[in-house]
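Residues per chain, in single letters:
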Amino acid sequence: MSTFSQYNFKGQKALIRVDFNVPLDKKTFAITDDTRIKAAVPTIKKILGDGGSVILMSHLGRPKEGPEDKYSLKHLVGHISELLGTNVQFANDCIGKEAVDKAAALKPGEVLLLENLRFYKEEEKGDAGFAEKLSKLGDVYVNDAFGTAHRAHASTAVIAQFFPRDKKMFGLLMESEVSSAEKVMNNAEKPFVAIIGGAKVSDKILIIENLLERATDIIIGGGMAYTFEKAQGGKIGNSLCEDDRLDTARELLKKAEAKGVCLHFPSDSVIADKFDAAALTSNAPSNNIPDGWMGLDVGPNACQQFVNVIKRSKTILWNGPMGVFEMEKFQHGTKSVATAVAEATQDGAFSLVGGGDSVAAVNQFGFNDQVSYVSTGGGAMLEFFEGKELPGIAAINK
Ligand code: 3PG
Ligand code: MG
């Protein structure tokens, strides 16, 4: 059993760093995707169930200069209260008298949400004085913010030094995120396919390099595929291309060959005459796209090719969409991949999906409960699979 599960929170005030950086409607401030909040509920409920109280702290967005109404965590109070089935209190500041008084007055079973940590620039700077002030609000520190674990901020990492060894721990969400990711990274049953998509090669170089050490197959889709096509002499029309990464793409191809990892590129593409939901569309080989046209999704042959690889795999990691799935004409590739991942999972494969866009895609197509694990981490998951040490994890393990 984990430290968290064994810990009895009775009479304790648990200060939990959560990642409630959720999307809000610009006009009404209603939460448009509450996945990250729901994911932290079991941790909060365990503490309340033990007879402890909870102080929640998070960032929201990227405020620049101090408080901004649109980034206030007060917009979340109603929904968190609903999810927890109890009235959540709110402090208009994350440090200072109001926060201190409200935290001190908390009774067992009660929950307090602090205002956005990033209203202080000290948060992102990892300021130790600020971290120490936060630390005083609780008896025990619980880090459940996997989505922010790649940031060495005051509340995610620096704060841990102010708690003794037995009073700092991961929450249930962080534990399951890390164990799913570690299973894929270090204990993947073969064949292991990594499906990597998205617009830019430059964002995915490090993850591809690290996966070349581990995967059997790597499927490359999305806009980044065209940089690889061009690097191999293909004609890509107006498709996305990072011309300054052509050499990088060639190096990755060479490394893959040397390691015996099979790289799969889309043999054909759905092409469009402009980047628009109402564009004219056609199909073309991905290495022979006519001038004036651009590849916006993988084509029907590529779908079949990718589905075959996915369905013979025992471990699947998926990060990044295959095309512009937000537009109906260009969602077939991403939908086919999502379907194949769900079917392979049904047949016994372990599948981990992460990264904002691929998670949005599995949600949109209704496959979120048909894959083994959906990560709440975008950047954090990417950095984990790049092989980097995540500061939020290291701070507690130290
Ligand atoms: C995220 O959504 O990526 C995390 O909440 C971290 O936020 P950040 O990228 O603004 O640091
Ligand atoms: Mg981010």
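You'll find the structure just up there.
Quick caveat: nothing in here was measured; it's all calculated off a predicted structure.

A. Examining the packing of helix α8 (residues 201-211) against helix α10 (residues 246-259) more closely. Following both chains from N to C, one finds α8 and α10 inclined at 10°, their axes separated by 11 Å at the closest point. Overall, the two elements α8 and α10 adopt an arrangement that is roughly parallel. Listed contacts from α10 to Ile205, Ile208 and Glu209 of α8 are Thr248, Leu252 and Lys255. Residues of the contact of α8 with α10, tallied by class, amount to 3 nonpolar, 1 polar and 2 charged.

B. Structural view of the pairing of strand β5 (residues 140-143). Judged by which residues are buried, β5 turns out to be covered on both faces: Val140 and Val142 on one side and Tyr141 and Asn143 on the other are all buried. Looking at chain direction, β5 and strand β6 (residues 168-170) are connected through 3 bridges and run parallel. From the neighbouring strand, Asn143 faces β6, where its bridge partner is Phe170.

C. Structural context of the site of ligand 1. Around ligand 1 sit Asp19, Asn21, Arg36, His59, Arg62, Arg118, Gly147, Thr148 and Arg151, and that is every residue in its neighbourhood. A distance of 3.0 Å separates an oxygen atom of ligand 1 from a polar side-chain atom of Arg36. Look at ligand 1: alone it shows 300 Å² of surface, and the protein chains cover 84% of it. Classifying every residue of the shell around ligand 1 by side-chain character gives no nonpolar, 4 polar and 5 charged.

D. Quick peek at helix α2 (residues 35-50). A maximum bend of about 35° is found in α2 at Val41, where proline Pro42 lies one to four positions downstream. Among the residues making up α2, those that are buried are Arg36, Ile37, Ala40, Val41, Thr43, Ile44, Ile47 and Leu48. Looking one or two places after α2, you find Gly51, whose phi comes out positive at around 100°.

Conventions we followed
Residues numbered from 1 in each chain as written. Chains lettered and ligands numbered in written order. Predicted model: local features only at pLDDT ≥ 70, side-chain atom pairs only at ≥ 80, totals over all residues. Heavy atoms only, no water. Axes fitted to C-alpha atoms, helices over the stretch in contact; angles between N-to-C directions. Helix = DSSP H or I, 4+ residues; strand = E, 2+ residues; numbered from the N terminus. Parallel < 35°, antiparallel > 145°, perpendicular 65-115°, else oblique. Contact = heavy atoms within 4.5 Å. Nonpolar A, V, L, I, M, F, W, Y, C, P; charged D, E, K, R; others polar. Buried < 20%, exposed > 50% of the residue type's maximum accessible area, 1.4 Å probe, protein only. Pairing = 2+ DSSP bridges. Near = heavy atom within 4 Å. Polar contact = N/O pair within 3.5 Å; in protein donor to acceptor, adjacent residues only side chain to side chain. Areas by Shrake-Rupley, 256 points an atom, 1.4 Å probe, with all protein chains shown as cover. Bend = angle between axes of the 7 residues up to and from the residue.

Geometry only, nothing functional implied.
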